[in-house]
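Notes for the structure review
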Amino acid sequence: MQAAVMPEMSEQQMEAVVKPAWISGEFGKIYEEHSQCIYYLALRLLGDPTQAQDATHDVFLKAFRKMDQFRGEAGIRTWLYRITINHCQNLQGSWHARHMFSNADDAVWETAGTVSDDPLRVLETKELGQRIQQTLEKLSEEYRLLLLLVADQEMSYDEIGKLTDQSADAVRGKLHRARKSFAALFRKSA
Amino acid sequence: MNPEFSKLRHEQRTEAEQSHAQIQSQQSQAKANEFATVDELLRFDSDQNPVPPEVAERLNHSIAAEPKRERSWFKRLFRS
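Residues numbered from 1 in each chain as written. Chains lettered and ligands numbered in written order. Predicted model: local features only at pLDDT ≥ 70, side-chain atom pairs only at ≥ 80, totals over all residues.

A look at the overall build of chain A
When you go through chain A residue by residue, the secondary structure sums to 11 helices and 1 strand. By the burial criterion, 31% of the 190 residues in chain A qualify as buried. (Helix = DSSP H or I, 4+ residues; strand = E, 2+ residues; numbered from the N terminus. Buried ≥ 20, exposed ≤ 12 C-beta atoms within 10 Å, placed from the backbone.)

Here it is in structure tokens:
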């Protein structure tokens, strides 16, 4: 029996087989550059890795479909974050998620007596994710979102302000309180 | 070899192994991660949670199933 002769493939063709066209194209670059921050935001907003995977997939598919509507007024990351926030809020289906103003979080550190500025210590990295998730869930939607957005070093207060419909100064003030609340709750959870 | 001597050496080795394991455990417990800020803690957490490769695979199938977009009459006319 004659063996089937495989036509020789160039390196470029081989790569095309392994990597689908969109990965090596412009959209692939966008995915590679921004998928981590989108996944992480979805993970901590939804609190479930499977839902976060679905959300990341859906966000990038929406972005792919609406790519021609992207006007470049905001950065692409800001645009993707906006899609993610809307998507996660729709999933949670909460009215409060869309009207996320609360001062209740401030009570946590205001009544906590002396608020320590000591570093946050974590012994077990394995349980770190759970502790962070539980702490974030105790904060208001707004504080949670602000903390997650500012953890992304590429996001300025101004961009976060645009995303959350407020001034950069308001973001700065709220972030100060959000960090204090988070730190107080996180220490308590140890 | 004297069986008593062999037994003693075995017990000594086991004890040494146990204490070594204990020290290692204590060391790993004492090796705490410290984060100066909440932002730093969250960045570390983000690094611990990379996007699973399944997402790109699923996206690949979804994008392949997308209908090809028709080019606008303007683009078709000018082949840009």
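Quick look at the overall build of chain B
When its secondary structure is counted, chain B shows 4 helices and 1 strand. Seen in sequence order, chain B has helices and strands lined up from the N terminus as α-β-α-α-α. Looking at the 80 residues of chain B, the share that counts as buried comes to 11%.

Observations regarding the nonpolar core
If you look at the biggest cluster of nonpolar residues, it comprises 47 residues, and the most contacted ones within it are Leu41, Ala42, Leu146, Leu147 and Phe182 of chain A. If you list the elements that add at least two residues to this core, you get helix H3 (26–46), helix H4 (49–65), helix H5 (76–92), helix H8 (125–138), helix H9 (141–150) and helix H11 (168–188) of chain A together with helix H2 (38–48) and helix H3 (53–64) of chain B. Considering every element that reaches this core, the biggest residue donor is H3 of chain A, with 10 residues. Two domains each put at least three residues into this core: domain 1 (13–96) and domain 2 (100–188) of chain A. Not counting the four nearest positions on each side in its chain, leucine 147 of chain A is found in contact with Ala178, Arg179 and Phe182 of chain A together with Val38 and Leu42 of chain B. (Core = buried A, V, L, I, M, F, W, Y, C linked by C-beta atoms within 7 Å. Domains from an automatic or database assignment. Contact = placed C-beta atoms within 7 Å.)

Brief notes about the packing of H9 of chain A against H11 of chain A
Residues and elements named next belong to chain A. At their nearest, the axes of H9 and H11 sit 9 Å apart, and the two run at 100° to each other. Relative to H11, the element H9 is oriented roughly perpendicular. Contact residues: Glu142, Tyr143, Leu146, Leu147 and Val150 in H9; Val171, Lys174, Leu175, Ala178, Arg179, Ser181 and Phe182 in H11. Along the lines of polarity and charge, the residues of the contact of H9 with H11 split into 8 nonpolar, 1 polar and 3 charged. (Axes fitted to C-alpha atoms, helices over the stretch in contact; angles between N-to-C directions. Parallel < 35°, antiparallel > 145°, perpendicular 65-115°, else oblique. Nonpolar A, V, L, I, M, F, W, Y, C, P; charged D, E, K, R; others polar.)

Here we look at the packing of H4 of chain A against H3 of chain B
The interhelical angle for the contact between H4 of chain A and H3 of chain B, taken along N-to-C directions, is 40°, at an axis separation of 9 Å. By the angle between their directions, the pair H4 of chain A and H3 of chain B is classed as oblique. Relative to H3 of chain B, the crossing made by H4 of chain A is right-handed. Facing H4 of chain A, whose interface residues are Gln53, Thr56, His57, Phe60, Leu61 and Phe64 of chain A, H3 of chain B presents Glu54, Val55, Arg58, Leu59, Ser62 and Ile63 of chain B. Within the contact of H4 of chain A with H3 of chain B, the residues separate by chemical class into 6 nonpolar, 4 polar and 2 charged. (Left-handed = near helix turned anticlockwise from the far one by under 90°.)

Digging into unusual backbone geometry
Positive phi outside glycine occurs at aspartate 165 of chain A, with the angle close to 55°. Within the secondary structure layout, aspartate 165 of chain A lies in the loop between helix H10 (157–163) and H11.

Looking at the environment of asparagine 86 of chain A
Note on placement: asparagine 86 of chain A falls in helix H5. When the C-alpha atoms of asparagine 86 of chain A and valine 59 of chain A are compared, they prove to be 9.6 Å apart, with 27 residues separating the residues in sequence.

Digging into the interface of chain B and chain A
Opposite the 26 residues of chain B that make contact, chain A presents 30 residues. Within the residue set of the side of chain B that touches chain A, elements represented by two or more residues are strand E1 (33–35), H2 and H3 of chain B. For the side of chain B that touches chain A, a count of residues per class yields 13 nonpolar, 7 polar and 6 charged.

Details of the domain arrangement of chain A
All names here are of chain A. Domain parsing of chain A yields domain 1 (13–96) and domain 2 (100–188). Between domain 1 and domain 2, the contact holds 12 residues from the first and 13 residues from the second. Mapped by element, the contributors of at least two residues to the side of domain 1 that touches domain 2 are H3 and H5. It is H5 that contributes the most residues to the side of domain 1 that touches domain 2, 5 residues altogether. Its residues placed into classes, the side of domain 1 that touches domain 2 shows 5 nonpolar, 4 polar and 3 charged.

So, the environment of tyrosine 31 of chain A
Considering the arrangement of structural elements, one finds tyrosine 31 of chain A in helix H3. For the pair tyrosine 31 of chain A and alanine 63 of chain A, spaced 32 residues apart in sequence, the C-alpha to C-alpha distance is 9.9 Å. If we ignore the near neighbours within four places in the chain, the residues touching tyrosine 31 of chain A are Phe60 of chain A together with Ala56 of chain B.

Focus on the confidence of the model for chain B
Residues and elements named next belong to chain B. The pLDDT averaged across chain B works out to 71; a share of 45% of its residues lies at or above 70. Of all helices and strands in chain B, the one with the weakest mean pLDDT is helix H1 (residues 3–30) (51), whereas H2 scores best (95). For residues 18–30, every residue scores under 50 in pLDDT, and the model assigns this stretch 1 contact once sequence neighbours within four places are set aside. Here the prediction assigns the complex a pTM of 0.71, and the interface score ipTM is 0.77. (pLDDT = per-residue confidence, 0-100.)

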